[in-house]
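Each chain, written out:
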Amino acid sequence: MIVTFCGHRNFVRTSELEEKLDRILLKLIKEHNVTFYLGGYGDFDMYVLEYLKNIKEKLKFVTAFITPYITESYQKNRLEEITGDYDLIIYPPIEKAPLKFAIAYRNKWMIEESDIVIAYVKHSGGGAAKSLKHAVRRNKQIYNLALDKIEL
């Protein structure tokens, strides 16, 4: 099972958010072999990565950084910096995407490959909202942590 995350670049951690994440992720990890896809940009992605690192010792799952760029300079600067944080680094088949749109293409690919999307989307602007809309169009199972109630 592949779980993709998408969320706003800026967000505020709360204990309620962590409780929602616990309920969803612990259930998924106990019931399935899970690979988590992370884009690695913004506060929400960094929060999720930190959360997963904290529970990794007790539970079995795989974390994958999905890189939007494969240029030598990006690999040298960014990938060397994050290599130890993830189990896998994946470059999706988006070679024909203009560099300017590589992140948007990567996000779309992540959504299409996933079984479940866990989002933190409060407003309709930005890449996270576009990714969530794409997940809705693709009929993905979605949990939006920004909503008041999460149904399992």
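Just so it is clear, the structure is predicted and the values come from calculations on it, not from any experiment.

A. Inspection of the environment of Ile-142 at higher detail. Within the secondary structure, Ile-142 is located in strand E6 (residues 141–144). For the pair Ile-142 and Ala-119, spaced 23 residues apart in sequence, the C-alpha separation works out to 7.3 Å.

B. Local environment of the sheet that holds E6. Read across the open sheet, the six strands follow the order E4-E3-E2-E1-E5-E6; overall the sheet is parallel. Taken across any chain shown, the strands that pair with only one partner, and hence form the sheet edges, are strand E4 (88–90) and E6. Mean inter-strand twist for the sheet, computed between neighbouring axes without regard to direction, equals 25 degrees. The pairing of strand E1 (residues 2–7) with strand E2 (residues 35–38) spans three bridges and is classified as parallel.

C. Quick look at unusual backbone geometry. For Asn-139, which is not a glycine, the phi torsion comes out positive at approximately 60 degrees. If you trace the backbone, Asn-139 turns up in the loop between helix H5 (127–137) and E6. Note on Asn-139: relative accessible area 68%, which makes it exposed.

D. Just the pattern of salt bridges, in detail. Under the criterion given, the structure shown has six salt bridges. The salt bridge partner of Lys-27 is Glu-31, with a shortest N-O separation of 3.0 Å. Of this pair, Lys-27 and Glu-31 both sit in helix H1 (residues 15–31), four residues apart, which is roughly one turn of the helix. Notably, a salt bridge pairs Arg-138 with Glu-112, separated by 3.7 Å at the nearest N-O pair. You can see Arg-138 sitting in the loop between H5 and E6 and its partner Glu-112 sitting in helix H4 (residues 102–113), a full 26 residues away along the chain. Of the residues examined, Glu-112 reaches a relative accessible area of 29% and is grouped as partly exposed.

The rules behind the values
Residues numbered from 1 in each chain as written. Predicted model: local features only at pLDDT ≥ 70, side-chain atom pairs only at ≥ 80, totals over all residues. Heavy atoms only, no water. Helix = DSSP H or I, 4+ residues; strand = E, 2+ residues; numbered from the N terminus. Pairing = 2+ DSSP bridges. Axes fitted to C-alpha atoms, helices over the stretch in contact; angles between N-to-C directions. Buried < 20%, exposed > 50% of the residue type's maximum accessible area, 1.4 Å probe, protein only. Salt bridge = Lys/Arg side-chain N within 4 Å of Asp/Glu carboxyl O.

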